[in-house]
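# Structural overview
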Amino acid sequence: MLSFLLFMLAQAAPAPAQTPPLTAATSPAPPAARWPTRDGRYDIRDFRFRSGETMPDLRIGYTMLGQPHRDARGEIDNAVMVLHGTGGTGRQFLSPQFADELYGPGQPLDIRRYWIILPDGIGHGQSSKPSDGLHMRFPHYDYDDMVDAQYRLLRDGLGIRRMQLIMGTSMGCMHGLVWGETHPDFVRALMPLACEPVEIAGLNRMWRQLAIDGIKADPAWAGGEYRTPPVQGLRTAASLLFVAGAAPLYFQAQYPTRDAAAAFAQQRVATSIAQTDANDLIYQIEASRTYSPWARLEAITTPTMWINSADDFINPRQLDLPQRAVARMKDARFRQIPESDDTRGHGTHTAARFWKQDLVDLLQRTK
């Protein structure tokens, strides 16, 4: 749901003069449908999770644009994977603010040249998830499990031996660092967007824990076996996620009156509640519990371009962790996007215009 909220926040535009405030009945426009996509499914048999739990059939859904190209040796040499954030899906990267900046003719990820793969992480989208029926009996996956499933999709399912690029936003950013530590020779370039290189602790863990506690405290949750959605618990979680993903300068500029600001927040939270399963959200947030790449950063030898934004509540600019991290990585660069009344807080990661040139430079130096 965080990724869904951030998608909507980054899409938000100021209301024209004399336009009535947004209401809870207002729905965001769907992503542009003009991109030629193909959907796929890969089933991993007898998948074993780090927790020791197993699934006889783990389903990974994904979306593709473009076509694979093979070099003189017959190996695919143009594959790009983009990884979504908590609560999102691969199809969020078809939104205009992302796709229109990157996929078109002459753009950095021109689909006439690149094969773009947009997977749904475990617990998300069309991949296996608690809401399929297991509820809280679903295996307790973590980021390592999610990266392992991505690796098996690419290698075993799609026959790729080396990726041109792996890019990820938020949770996908953290997945990118895990990729760099576990499969450094499998990818030519990494572009993590909006994350930190340490375990989820401090304020970042606190608001996540409060979101989970809010759901579990709702009597309707019933230990995960709810007959109707635990709306009050979901409202608590959605409200925390909304604030965590917000952009103070942007929202002040776009919603300068009390009524407009209140209506916008209420509408976004209401829309999120309607599209979120409580058990799925608990699992999605808890998947970060074992993430802790700090000790092995030297293992990341893949050329890396790492981007954070200065107005990101989740990854605050006051932390010097990225700068310290890149000093320990073989070929990594870090840039922090300055705050402005146009940046989108944590959601800046999905607005490609803010970091498009960084991607161009990364692709140039990793040819």
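Scroll up for the structure.
Residues numbered from 1 in each chain as written. Predicted model: local features only at pLDDT ≥ 70, side-chain atom pairs only at ≥ 80, totals over all residues. Heavy atoms only, no water.

### Digging into the overall build of the protein chain
What counts, and what does not: Each helix is a run of DSSP H or I of at least 4 residues and each strand a run of E of at least 2, with the numbering of both proceeding from the N terminus. Radius of gyration: C-alpha atoms only; globule rule: 2.2 Å multiplied by the number of residues to the exponent 0.38. Summary of the burial criterion: residues with accessible area below 20% of their type's maximum are buried, those above 50% are exposed, and those between are partly exposed, where the area comes from a 1.4 Å probe applied to protein chains only. We call two residues contacting when some pair of their heavy atoms lies within 4.5 Å. Accessible surface area values rest on a Shrake-Rupley calculation with a 1.4 Å probe, where residue burial reflects the displayed protein chains alone. His is not counted, nor are the chain ends; Lys and Arg add positive charge and Asp and Glu add negative charge. For the purpose of locating charges, the reference atoms are NZ of Lys, CZ of Arg, CG of Asp and CD of Glu.
When its secondary structure is counted, the protein chain shows 11 helices and eight strands. The C-alpha radius of gyration of the protein chain comes to 20 Å, within 12% of the 21 Å expected for a compact globule of 367 residues. Counting only C-alpha atoms, the protein chain reaches 60 × 45 × 40 Å along its principal axes. A burial count over the protein chain gives 55% of its 367 residues as buried. In the protein chain, the proportion of contacts linking residues at least 24 apart, taken out of those at least 6 apart, comes to 78%. Total accessible area on the protein chain stands at roughly 15,300 Å², and carbon and sulfur atoms take up 52% of it. Side-chain charges of the protein chain comprise 39 positive and 39 negative groups, with the mean position of each set lying 3 Å from the other.

### Quick notes on the packing of aromatic side chains
So the rule is basically this: Under the pairing criterion, centres of Phe, Tyr and Trp rings, with the six-membered ring standing for Trp, must be within 6.5 Å; the plane angle then separates stacked pairs below 30 degrees from edge-to-face pairs above 60, leaving the rest tilted. By definition here, charges over rings are those cases where NZ of Lys or CZ of Arg is within 6 Å of the ring centre and within 35 degrees of the ring normal.
The tally for this structure, following the rule as stated, stands at 19 aromatic pairs. Note on F93 and F98: the rings are 4.8 Å apart at their centroids and 50° apart in plane angle, and the pair reads as tilted. Summarising the burial analysis for this pair, F93 and F98 share the class buried. The interplanar angle of 25° and the centroid separation of 4.4 Å between the aromatic rings of Y255 and F264 together place this pair among those described as stacked. F264 shares its class with Y255; the two are buried. Aromatic ring contacts, followed pair by pair, group W35, F93, F98, Y103 and W355 into a single cluster. Lying across the ring of W294, R328 places its NZ or CZ 5.0 Å from the centre.

### Focus: the pairing of strand β8 (residues 332-337)
Counted only if it meets this: Should DSSP find at least two bridges between two strands, the strands are regarded as paired. With the strands aimed away from the viewer, a crossover counts as right-handed if its path from the first strand over the helix to the second runs clockwise.
Sheet topology note: the strand β7 (residues 304-309)/β8 ladder contains six bridges and is parallel. The residue of β8 that forms the bridge with S309 is I337. Once the chain exits β7 it traverses helix α10 (residues 321-326) before rejoining the sheet at β8, and the crossover so formed is right-handed.

### Remarks on the pairing of strand β6 (residues 190-193)
The side chains of a regular strand alternate between the sheet's two faces. Every second residue of β6 is oriented toward a common face, with L190 and P192 on one face and M191 and L193 on the other, all of them buried. Of the pairings in the sheet, the one linking strand β5 (residues 165-169) to β6 comprises four bridges and is parallel in character. Note on β6: the bridge partner recorded for T169 is L193.

### Here we look at the sheet that holds strand β4 (residues 115-119)
This is how the line gets drawn: Angles run from 0 to 180 degrees between N-to-C directions of axes, and those axes are lines fitted to C-alpha atoms, restricted for helices to the stretch in contact.
Strand order in the open sheet formed by eight strands is β1-β2-β4-β3-β5-β6-β7-β8, with mixed pairing between adjacent strands. Edge strands, defined here as strands with exactly one partner in the open sheet, are β1 (38-48) and β8. Taken pair by pair, the neighbouring strands of this sheet meet at an average axis angle of 20°, ignoring direction. Both strand β2 (residues 54-65) and β4 contribute to a ladder of four bridges, which runs antiparallel.

### Description of the pattern of salt bridges
The cut-off we apply is this: By definition, a salt bridge exists where a carboxyl oxygen of Asp or Glu is found within 4 Å of a side-chain nitrogen of Lys or Arg.
Applying the stated criterion across every chain, the model contains 24 salt bridges. Between E298 and R328 there is a salt bridge, with its nearest N and O atoms 2.8 Å apart. A residue pair is termed long-range when its members are at least 10 positions apart, and E298 in the loop between α9 (278-286) and β7 and R328 in the loop between α10 and β8 qualify at 30 residues. For R328, a relative accessible area of 24% translates into the label partly exposed. Shared partners join several salt bridges into a network, and the residues in it are R50, D142 and D144.

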